[in-house]
Every structure is written in structure tokens, then in C-alpha cells.
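The residues making up each chain are set out below.
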Amino acid sequence: MEEPLELLTERLRLRTPQIEDADAIQSIVADPRVALSTASIPHPYPEGGAKAFILHVRSAASRDRRNLAIVLRDINQLIGVVGYQTRDLEAELAYMVSPIHWRSGYASEACRRIVAHIFDATEARAVIARAMADNKASEAVLRKAGLRWQSEMPVALPIRSGTFPTSFWRLDRQEFRRL
């Protein structure tokens, strides 16, 4: 397990999740608006699943893999999770934010900060991400974080029992330096 990590933005603290965060995370992922807009969060979400998630991401944390709680700095409230996993010198970005805080710029702010961390702390040559093509808000977050649309294709999502149009996004290290 890596050392705890904390990254700051103007409004947010991105930090290693704690067991005490389980109830807040559980309530976010249990919301069908969150779960059904992702490729990996089951719905309904299993009871106690957030605690297992926290234990897993803490034990798996490394320079090339992190999941951080997104916390509002002014009121110390957990509103989501952002993270990445690096494979073959590409770091895949993923995030979720409570619907209560959608359209407030928090997801974009968290993603911009974690992208900067990825390029600072890892050897990744690029940050990549995927979004369900009908999730225009998520695509906007990725665009605001500096990623560019690459392609769209159908992707089988067994957890959703179907195949869904998915957009693919990318930001190369050299392009990040120019931003």
C-alpha cells in the first residue's frame, strides 16, 4: 500500500479514501443516475460494497493506480471519487460525482488536478478515458480536463447486460505540456 495522497484545488481536496467515507460513497454509487452512467458500478449496489471498495483501492494503491475521494474543502464533505489505472504507459481516468453536485464544475476540477498528478507522478505517455456516448455531461468533463475525442464504437458492458455506444478520449503528455 502506498502512502496516503492529498491533492488540492481551489475548491477541492482529493485524498486517499478512509473507511469512514464508506457511507457517503455507498449513497453516491447506490444512486441509479450514477451507477447506470458507468461501465463498472453495479446496480443495485451491494450493501457494504463501498467499504470493500475502499479496502481494495487502499491496498492496490501505487504510483500507477490511485482512487481518491473528492472532498469539498470548505465543508469537508465527500462528493465523489476520481482515479486512474496505468497500463502500457496509458493512464485510464475514471470519476463519479454525486448528482447533488452535478453541473457545478467539481468533476472537471477534480479531473484536471488528477491529470496533472498523473503526468507529474507516473511515466504515462497519455491519459485516456471512456464515456457512454449519450452521457454528454461526462464528455464535457473530459473535454474540460484537456482530453480530446478520438472515436466512438459499441462496447459490450456485461454489468449493463448490453452493448452501448462509447466515446474514447485521450490527452498525450506533449499536448498536456502545451495546455
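Residues numbered from 1 in each chain as written. Predicted model: local features only at pLDDT ≥ 70, side-chain atom pairs only at ≥ 80, totals over all residues. Heavy atoms only, no water.

Trainee: Could you clarify how one ought to interpret the environment of tyrosine 106 in this entry?
Mentor: Within the secondary structure, tyrosine 106 sits in helix H4 (residues 106–121). Excluding its chain neighbours within four sequence positions, the residues that come into contact with tyrosine 106 are Arg11, Leu12, Leu72, Ile79 and His101. (Helix = DSSP H or I, 4+ residues; strand = E, 2+ residues; numbered from the N terminus. Contact = heavy atoms within 4.5 Å.)

Trainee: Would you take a moment to explain the side chain of glutamate 139 for this structure?
Mentor: Locating glutamate 139 in the fold gives a position in helix H5 (residues 136–144). Engagement of the side chain of glutamate 139 in a polar contact is seen with the side chain of lysine 136, the distance being 3.2 Å. (Polar contact = N/O pair within 3.5 Å; in protein donor to acceptor, adjacent residues only side chain to side chain.)

Trainee: Quick question: what am I supposed to make of the pairing of strand S4 (residues 77–87) here?
Mentor: When a strand is regular, its side chains alternate between the sheet's two faces. Most of S4 sits out of view: eight of its eleven residues are buried. Strand direction decides the pairing type here: strand S3 (residues 65–72) and S4, joined by eight bridges, are antiparallel. Residue pairing for S4: arginine 65 is matched across the bridge by glutamine 85. Adjacent in sequence and paired antiparallel, S3 and S4 are bridged by four residues, among which asparagine 76 carries a positive phi angle near 55°. Where S4 meets strand S5 (residues 90–97), eight bridges bridge the pair, whose relative direction is antiparallel. The residue of S5 that forms the bridge with valine 82 is tyrosine 95. Between the end of S4 and the start of S5, which pair antiparallel, lie two residues, with aspartate 88 showing a positive phi angle near 50°. (Buried < 20%, exposed > 50% of the residue type's maximum accessible area, 1.4 Å probe, protein only. Pairing = 2+ DSSP bridges.)

Trainee: Just to check I follow, could you spell out the nonpolar core for this structure?
Mentor: Counting residues in hydrophobic clusters, the biggest one holds 31 residues, and the most contacted among them are Leu12, Leu14, Ile70, Val82, Leu93 and Leu147. Taken together, the elements giving at least two residues each to this core come down to strand S2 (12–15), S3, S4, S5, H4, strand S6 (126–132), H5 and strand S8 (162–172). With eight residues, H4 is the largest single contributor of residues to this core. Every residue in contact with leucine 93, bar those within four places of it in the chain, is listed here: Val82, Gly83, Tyr84, Cys111, Ile114, Val115, Val127, Ile128, Ala129, Leu142 and Leu147. With 15 residues, the next largest nonpolar core counts Ala35, Ala69, Leu78 and Met96 among its residues. (Core = buried A, V, L, I, M, F, W, Y, C linked by side-chain atoms within 4.5 Å.)

Trainee: Hey, could you run me through the packing of helix H1 (residues 22–29) against helix H3 (residues 49–60) in this one?
Mentor: Geometrically, a packed helix pair is captured by the angle between its two axes and the distance between the axes. In the contact formed by H1 and H3, the axes pass within 8 Å of each other and the chain directions differ by 115°. With respect to each other, H1 and H3 are oriented roughly perpendicular. Crossing geometry of H1 relative to H3 is assigned as right-handed. Side by side, H1 and H3 meet where Ala22, Ile25 and Gln26 of the first sit next to Gly49, Ala50, Lys51 and Ile54 of the second. Residues that form the contact of H1 with H3 fall into these classes: four nonpolar, two polar and one charged. (Axes fitted to C-alpha atoms, helices over the stretch in contact; angles between N-to-C directions. Parallel < 35°, antiparallel > 145°, perpendicular 65-115°, else oblique. Left-handed = near helix turned anticlockwise from the far one by under 90°. Nonpolar A, V, L, I, M, F, W, Y, C, P; charged D, E, K, R; others polar.)

Trainee: Teacher, can you tell me more about H3 here?
Mentor: Residues separated by three or four positions in an α-helix point in the same direction, a consequence of the helix having 3.6 residues per turn. Taking 1.5 Å per residue as the helical rise, H3 with its twelve residues ought to reach 16 Å, and the 16 Å between its terminal C-alpha atoms agrees with that figure. Listed as buried for H3 are Gly49, Ala50, Ile54, Val57 and Arg58. For H3, the angular spread of the buried residues around the axis is 160°, confining them to a single face. Here the buried face of H3 lies against H1 and S3. (Expected span 1.5 Å × (residues − 1). Arc of directions from axis to C-beta.)

Trainee: What is the right way to read the pattern of salt bridges from this model?
Mentor: A pair can form between side chains of opposite charge whenever their charged atoms are brought close. Within this structure, the stated rule accounts for eleven salt bridges. Taking the shortest distance from any N to any O, the salt bridge between arginine 63 and glutamate 123 comes out at 3.6 Å. On the criterion of sequence distance, the pair formed by arginine 63 in the loop between H3 and S3 and glutamate 123 in the loop between H4 and S6 is long-range, its members being 60 residues apart. When its relative accessible area of 39% is taken as the criterion, arginine 63 is described as partly exposed. Each of Arg63, Asp64 and Glu123 takes part in one network of salt bridges that share partners. (Salt bridge = Lys/Arg side-chain N within 4 Å of Asp/Glu carboxyl O.)

Shape descriptors only; they carry no functional weight alone.
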